[in-house]
Amino acid sequence: MNRDRKFVLRSYNWFQNPDNLGMTAVYLERYANYGLTREELQSGKPIIGIAQTGSDLSPCNRIHLELVDRTRDGIRDAGGVPFVFPVHPIFENCRRPTAALDRNLAYLGLVEILHGYFFDGVVLTTGCDKTTPACLMAAATVNIPAIVLSGGPMLNSYHEGKLAGSGASCWEARRLYAAGQIDYDGFMELVMASAPSPGHCNTMGTASSMNSLAEALGMSLPGCAIIPAPYRERTQMAYRTGKRIVDMVKEDLKPAKIMTRKAFENAIVVCSAIGGSTNCPPHLIAIARHMGVPLKTKDWETVGHAIPLLANVQPAGEYLTESFHLAGGIPAVIGELMSAGKIHEDALNVNGKTIGESYGGARTKDPRVIRPWGQPLKENAGFLVVDGNLFSSALVKTSVIGEEFRRRFLETPGDENAFTSRAIVFDGPEDYHERINDESLGIDEKSLLVIRGCGPVGYPGAAEVVNMLPPDRLVRIGVNQLPTMGDGRQSGTSASPSILNASPEAAVGGNLALLKTGDQIRVDFNQRRVDVLLSEEELEARRREQQLPVAETQTPWQEFYRAHVAQLEFGGVLEFAVKYRDLGEKIPRHNH
């Protein structure tokens, strides 16, 4: 028989290959030991993987341990055969030194599974922020039919009768503790109150942001992103997602047809409208690079800056994601954006329809939570992308710049939207925590806090440490925010007005390494520039003498990661990996 024969389903190459009976038997044989039958595996039905990110180690994704049953049901009812397999766990709060290390590790593992096993399609279970890009990066690399099933955020959380958003409550507790308004137990009670149910962050942190962008990309069914984890609609969505992936295999609807340049531009626009996390740009750029779609950090400004803030959700707004869902969620946001012509309506959704067909007519159900297009919370709410003599690229999240901060730094007559500050420089978060209250540093209400050594190579992994609190003595007199800057990241749950994701980072020769406490930093948002007011000759002299401490490499993976990781400006990907595409078309060699 013709050994180059093309099979209808990818799984035929394992379980239904008449050209190699011996290997077909080997692949079939062991799956019988827990009750699967030859009839199922040779039925000609699509074999669907369920990439399980839920575990006891990953509380934000643990809901998928329950959702998986309904996902299986949907796959079975649609005529598919489900297989559940684990994905490397990711949990932002507890993984040390930072969960950013695990995004690329989970990506690599998922690529190997999807390429090396017999899957015709895959359901990607997402939740905690790094799981969403890891899954979508793998889907882009392998390019077999794939669909995202978000786990959903927690229910609204309260403390002493007030909304207490997850993540945001931690930063609020730090302020209250620094001001002497709560004690140790009060700190713990406030933070613990912000986690009332299964699910990921109920603020517009990176988890809610990235699952929202997965929907905006067209990679999950309309309405999937923000359904709270405990709602019955979440379980129903799991069933519908399971059913849909089987039809996607039959339609040969792959990520490359969905995650186009237009889809990425839609995601950028939605990110601006919801006040999304500054972690979204490197994640989305990583997905685009693996997909082969040109996308640059500057696109976040050119495409997204002029978009107004519509979602009144913490940290940029007032409400939490349960209220956001009840107000219409991402469909309402996309519908409002469509009404203003800001969405590419001809981009595709995994349901097989265009975005225009899928979201047409959707509007806000509660204008307090999701503003109509003509009544936004803020105009021009997207990211600014700045450069200068300290870095080639950094981000500024404009939607969280509050009135008090704006008055102190951005409303100087004749110099609006710009300021010059004395830099206070810290080498990593340990140095910051040790010295932030050192009065000899002379930190005042006009200072700028700088943290370095926190990028992909330096930390390693790019840590969420740029959102730094001022010294306790300033917090006690009501100065709750200073401008901050660094080569690390910032939690999406934080409202700190920061200049972050600076690339190149200090550890690879970026000029943040040359800064000294007392240097004058000029920040000009009009010109999109951040500069240290030093001559090039002085910078060169410092460059010859500068030696920054670099964190110890503690594991084999950290050594590999450091050797291959890109800067945040380029998505923090493993650079060698972006050349691999369409791996689902490449059937691996036999194993015996």
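Computed from a predicted model, the values in this text were never measured in an experiment.

Participant: How should I be thinking about the environment of G455 in this particular structure?
Facilitator: Along the polypeptide, G455 turns up in the loop between β10 (448-452) and α20 (472-476). With residues near it in sequence (within four places) discarded, G455 still touches P460, G461, A462, D487, G488 and E505.

Participant: I would appreciate a short explanation of the sheet that holds strand β1 (residues 47-52) in the present structure.
Facilitator: Two strands in a sheet stick together by hydrogen bonds in their backbones, pointing the same way (parallel) or opposite ways (antiparallel). Ordered by their spatial adjacency, four strands build an open sheet running β2-β1-β3-β4, and the pairing between neighbours is parallel. In this open sheet, the two strands that pair with only one neighbour each are β2 (81-86) and β4 (146-150). Put simply, the sheet's adjacent strands are angled 25 degrees from each other on average, direction ignored. Sitting on the sheet, helix α6 (residues 131-142) is in contact with β3 (121-126) and β4, with an inclination near 165 degrees to β3.

Participant: How should a negative patch on the surface be read in this particular structure?
Facilitator: Together, E160, D183, D185 and E189 give the surface a local cluster of negative charge. With respect to the helices and strands, the residue E160 is situated in the loop between β5 (158-159) and β6 (162-163). Judged by its relative accessible area of 72%, E160 falls in the exposed class.

Participant: Before we go on, may I ask you to explain the pattern of salt bridges in this structure?
Facilitator: For side chains of opposite charge, pairing can occur when their charged atoms come near one another. Inspection of the entire model under this criterion finds 32 salt bridges. Notably, a salt bridge pairs R543 with E536, separated by 3.8 Å at the nearest N-O pair. Notably, a salt bridge pairs R544 with E540, separated by 4.0 Å at the nearest N-O pair. Taken together, the positions of R544 and E540, both in helix α21 (residues 536-545) and four residues apart, correspond to about one turn of that helix. The class of E540 is partly exposed, set by a relative accessible area of 31%.

Participant: Explanation requested: helix α10 (residues 232-251) in the structure shown.
Facilitator: At 3.6 residues per turn, the α-helix brings residues three or four places apart onto the same side. With 20 residues, α10 ought to run about 28 Å at 1.5 Å a step, and its terminal C-alpha atoms sit 29 Å apart, in line with that. Residues of α10 that are buried: R234, M237, A238, Y239, T241, G242, R244, I245, V246, M248 and V249. Where the residues of α10 are buried, they touch β1, α4 (64-77), β3, β4 and α11 (255-258). Backbone geometry just downstream of α10 places D252 in the positive-phi region, at approximately 55 degrees.

Participant: Could you clarify how one ought to interpret the confidence of the model for the protein in this entry?
Facilitator: Detailed reading of the predicted model is not advised wherever pLDDT is low. Mean pLDDT over the protein stands at 96; residues scoring 70 or higher make up 99%. In this model residues 1-7 is a low-confidence stretch, pLDDT under 50, and it forms 11 contacts with partners more than four residues away in sequence or in other chains.

Participant: Can you help me understand the packing of helix α9 (residues 206-216) against helix α12 (residues 261-274) in this one?
Facilitator: Helix-helix packing is described using two parameters, namely the angle between the two axes and the distance between the axes. At a minimum axis separation of 8 Å, α9 and α12 run at an interaxial angle of 140 degrees. Considering the angle they form, α9 stands oblique to α12. When the axes of α9 and α12 are compared, the crossing they make is right-handed. Here α9 contributes S209, S212, L213 and A216 to the contact with α12, which in turn contributes A263, N266, A267, V270, C271 and I274. Looking at side-chain class alone, the contact of α9 with α12 contains seven nonpolar, three polar and no charged residues.

Participant: Is there a simple way to explain the layout of surface pockets in this structure?
Facilitator: Over the atoms a probe the size of a water molecule is rolled, and this reveals where empty space is left. In this structure, the largest pocket encloses a volume near 1300 Å³. Around the largest pocket sit 43 residues that line it, and E92, N93, C94, W171 and E464 are the ones nearest its centre. Listed by contribution, the elements that provide at least two residues to the lining of the largest pocket are α7 (168-178), α8 (184-192), α9 and α19 (429-435). Across the lining of the largest pocket, the residue classes tally to 23 nonpolar, 14 polar and six charged.

Participant: Even after reading the chapter, I still don't get empty space enclosed by the protein, so can you show me in this structure?
Facilitator: The full count for this structure, using the stated rule, is six cavities of 30 Å³ or more. In this structure, the largest cavity spans a volume of roughly 150 Å³. Forming the boundary of the largest cavity are 13 residues, of which R175, N467, M468, L469 and S496 lie nearest the centre. Taken together, the residues that form the lining of the largest cavity break down as six nonpolar, five polar and two charged.

Participant: What exactly am I supposed to notice about the side chain of S399 here?
Facilitator: Within the secondary structure, S399 sits in the loop between β8 (393-397) and α18 (403-409). When residues no more than four places from it in sequence are discounted, the contact partners of S399 are G275, L309, A316, K378 and A381.

Participant: Before we go on, may I ask you to explain the packing of aromatic side chains in this structure?
Facilitator: In this description, a pair of aromatic rings is defined by centroid distance and the angle of the planes. According to the stated counting rule, one finds 18 aromatic pairs in the structure shown. Between F118 and F119 the ring centres are 5.2 Å apart and the planes differ by 50 degrees, which places this aromatic pair in the tilted class. Like F119, F118 is buried. Centre to centre, the rings of W557 and Y561 are 5.9 Å apart; their planes meet at 65 degrees, and the pair counts as edge-to-face. Of the two residues, W557 and Y561 both sit in helix α22 (residues 556-564), four residues apart, roughly one turn of that helix. Overall, Y561 belongs to the buried group, its relative accessible area being 3%.

Participant: Got a minute to help me understand the nonpolar core in this structure?
Facilitator: The tendency in soluble globular proteins is for nonpolar side chains to be buried as a group. Grouped together as the largest cluster of nonpolar side chains are 122 residues, with contacts concentrated most on L124 and F324. With nine residues, the single largest contributor to this core is α12. Setting aside residues up to four positions removed in sequence, F324 forms contacts with M204, I226, I274, A311, V313, G329, I330, V333, V369 and I370. V386, L448, L474 and L482 belong to the second-largest nonpolar core, a separate cluster that totals 51 residues.

Participant: Which parts of the structure should I look at to understand unusual backbone geometry?
Facilitator: Outside of glycine, negative phi angles account for most residues, and trans bonds account for most peptide bonds. With an omega of 10 degrees, the peptide bond running from Q314 to P315 counts as cis. Along the chain, the position of P315 falls in the loop between α14 (299-302) and α15 (321-326). Positive phi outside glycine occurs at D252, with the angle close to 55 degrees. If you trace the backbone, D252 turns up in the loop between α10 and α11.

Participant: Teacher, can you tell me more about the pairing of strand β14 (residues 529-532) here?
Facilitator: Looking down a regular strand, the side chains alternate between one sheet face and the other. Judged from the four bridges that link them, strand β13 (residues 520-524) and β14 form a sheet pairing that is antiparallel. Along β14, the bridge assignment pairs V523 with V530. Between β13 and β14, which pair antiparallel and follow one another directly, the connecting turn spans four residues, one of which, R528, has a positive phi of 60 degrees.

Participant: I'm lost on the sheet that holds β14 in this one. Help?
Facilitator: Taking strand neighbours across the sheet as the criterion, the eight strands line up as β7-β8-β12-β11-β10-β9-β13-β14 in an open arrangement whose pairing is mixed. Looking at strand neighbours, the two that pair on one side only are β7 (383-386) and β14, the edges of this open sheet. Across the sheet, the mean angle separating the axes of adjacent strands is 25 degrees when strand polarity is ignored. Of the pairings in the sheet, the one linking β10 to strand β11 (residues 484-486) comprises three bridges and is parallel in character. Looking across to β11, one finds that V450 is bridged to M485.

Conventions and cut-offs
In this numbering scheme, every chain counts its residues from 1 along its sequence in written order. pLDDT decides what is reported in this predicted model: residues at 70 or higher carry local features, side-chain atom pairs at 80 or more are listed and counted, and totals for whole chains, interfaces and linings draw on all residues regardless. No hydrogens and no water enter the side-chain calculation; it runs on all heavy atoms of the structure. Put simply, DSSP marks the helices as runs of H or I at least four residues long and the strands as runs of E at least two long, and each gets a number from the N terminus on. Residue contacts are counted whenever heavy atoms from the two residues lie within 4.5 Å of one another. Think of it this way: DSSP has to see at least two bridges between two strands before they count as a pair. Here an axis means a line fitted to C-alpha atoms, over the contact stretch when the element is a helix, while the angle between two N-to-C directions is reported on a 0 to 180 degree scale. For patch detection, residues must exceed 30% relative accessible area and be free of salt bridges, and they are connected within 9 Å for like charges or within 5 Å for nonpolar side chains (Val, Leu, Ile, Met, Phe, Trp, Tyr). The Shrake-Rupley method, run with a 1.4 Å probe sphere, supplies the accessible areas, and residue values consider only the shown protein chains as cover. Note on definitions: salt bridges are taken to be side-chain nitrogens of Lys or Arg within 4 Å of carboxyl oxygens of Asp or Glu. Only four residue types enter the tally: Lys and Arg on the positive side, Asp and Glu on the negative side; His and the chain ends are excluded. Throughout, a charge is located at the NZ atom of Lys, the CZ atom of Arg, the CG atom of Asp or the CD atom of Glu. Each residue gets one of three labels from its accessible area relative to the maximum for its type: buried under 20%, exposed over 50%, partly exposed in between, using a 1.4 Å probe on protein chains only. The length a helix should cover is 1.5 Å for every residue beyond the first. Per-residue confidence from the prediction method is given by pLDDT, with values spanning 0 to 100. Angle categories: roughly parallel below 35 degrees, roughly antiparallel above 145, roughly perpendicular from 65 to 115, and oblique for all the rest. By convention the crossing between two helices is left-handed if the near helix lies anticlockwise of the far one by an angle smaller than a right angle, and right-handed if it lies clockwise. In the scheme used here, Gly and all other residues not listed as nonpolar or charged are polar, with Ala, Val, Leu, Ile, Met, Phe, Trp, Tyr, Cys and Pro taken as nonpolar and Asp, Glu, Lys and Arg as charged. Each cavity reported here is a set of points on a 1 Å grid over the protein atoms alone in which a 1.4 Å probe fits but cannot get out, each pocket an open set with protein on both sides within 12 Å along at least five of seven lines, and each lining residue one with an atom within 4 Å of a point. Grid points are joined across faces, edges and corners, and a volume is the space filled by probe spheres set on the points. Each pair of aromatic rings taken from Phe, Tyr and Trp, with Trp reduced to its six-membered ring, is defined by centres within 6.5 Å and is described as stacked if the planes are under 30 degrees apart, edge-to-face if over 60, and tilted in the remaining cases. Among buried residues, the Ala, Val, Leu, Ile, Met, Phe, Trp, Tyr and Cys ones that are joined through side-chain atoms within 4.5 Å form a nonpolar core.

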